[in-house]
Every structure is written in structure tokens, then in C-alpha cells.
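# Coordinate inspection notes
Chain residues, written in single-letter form:
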Amino acid sequence: MAKLNIRKLGDDALRKVCRPVDEITPRILTLLDDMVETMRAANGCGLAAPQVGVLRRIVVVEVEEGVVYELINPKIIAYSGEQEAEEGCLSVPGQWGTTRRPMNVTVRALNRRGETIEVTGHDLLARAFCHELDHLDGKLFIDCAIRMNED
Ligand code: ZN
């Protein structure tokens, strides 16, 4: 495994719409491993492929230690409720903003074995899914924050 370089605000890769994965190759599996390692090393609870310069629809999320979601071609298929909370991003260091997100989010994706899975996240996990999936369309939390918060 290898720790990857996290792209920061201003890097073009963060503003691109990513392409779907059409085949889960060994290279994709290595990328998943490296993304998890990179996320953990940075103390993040999620990471999207464009944040490491790969313009593919892949995210990893770990809100609860040891429970890792590796989502390939993820899509939100249902959401409900609302929450307002502060969030930040490994690509936007030192900035925090309050966003409004659904309280419950169901995502359909492929796992690393190419199986279709559906996962429902609540509260922080729902927020993480929304945040990471936004990255795949070139969107950052600073675009949808209802206010930016000072430290
Ligand atoms: Zn982010």
C-alpha cells in the first residue's frame, strides 16, 4: 500500500466530473487500498478518488473506526430528513463550514468484488456519503455551505 498525495483547493482535479469505473481491475483494487491508507493517515472520515488525482467514481468512507465503505460508481437512490452541521475537507485544510444535508441517505454502488450493494447512512455517515459523492461531480462543501465558520 502507498500513501497518496491529497490534492488541495485550486487543483483542477477537484473540479472535474469523474468517469464511471467500467472494469474492476487490480489497479482499481490497489487504488482502494491506497485511498483507505491515505484517508487514515490524514485522520479523515472519507476520501474521493479525485482528491488523489484519479478522475474515477470511487470513494472510501470510514466514520466508525474499522467500518470501511469502499464504493465504486456510487449513486444516491434515496434520502430523507435534514441535518445542519459543520464539515471540513482534507482538500480544504483549515476551513470549516455549516452545510445542510439529508439525515438519511441510501447509496447504491459496486463493492470491490463487483457486487451491487446498497448502504444506508444516518447522521454523520449520511453526511459523509453526500460529501464524498459531491467530489465525484467536482463539488466541494464550500460551494454549498450556508456559512463558513471561523476557528
Ligand atoms: Zn472532501
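These lines cover the structure that appears in this document, whether it is placed above or below. (Residues numbered from 1 in each chain as written. Predicted model: local features only at pLDDT ≥ 70, side-chain atom pairs only at ≥ 80, totals over all residues. Heavy atoms only, no water.)

Here we take up the coordination of the zinc ion. Every protein donor of the zinc ion is listed here as Cys-89 (SG), His-131 (NE2) and His-135 (NE2), and their distances to the metal cover 2.0 to 2.3 Å. Sequence spacing among the residues donating to the zinc ion works out to C-x41-H-x3-H. One end of the pair, Cys-89, is in strand β4 (residues 83–89); the other, His-131, is in helix α2 (residues 124–135), with 42 residues separating them in the sequence. For His-131, a relative accessible area of 6% corresponds to the buried category. (Donors = N, O, S within 2.8 Å, 3.2 Å for Na, K, Ca; no water. Helix = DSSP H or I, 4+ residues; strand = E, 2+ residues; numbered from the N terminus. Buried < 20%, exposed > 50% of the residue type's maximum accessible area, 1.4 Å probe, protein only.)

Let us now look at the pattern of salt bridges. Scanning the entire structure with this criterion turns up twelve salt bridges. Note that Asp-137 is salt-bridged to Arg-57, the shortest N-O span being 3.1 Å. Taken together, the positions of Asp-137 in the loop between α2 and α3 (141–144) and Arg-57 in the loop between β1 (46–48) and β2 (58–61) put the pair 80 residues apart, joining distant regions of the chain. When its relative accessible area of 32% is taken as the criterion, Asp-137 is described as partly exposed. Under the relative-accessibility criterion, Arg-57 is labelled buried at 16%. Measuring nitrogen to oxygen at the nearest pair gives 2.8 Å for the salt bridge that ties Glu-118 to Arg-108. (Salt bridge = Lys/Arg side-chain N within 4 Å of Asp/Glu carboxyl O.)

Attention now goes to α2. The terminal C-alpha atoms of α2, which comprises twelve residues, lie 17 Å apart, in line with the 16 Å expected from a rise of 1.5 Å per residue. Within α2, eleven of the twelve residues are buried, which leaves it mostly tucked inside the rest of the structure. Three or more residues of α2 are buried, namely Leu-125, Ala-126, Arg-127, Ala-128, Phe-129, Cys-130, His-131, Glu-132, Leu-133, Asp-134 and His-135. (Expected span 1.5 Å × (residues − 1).)

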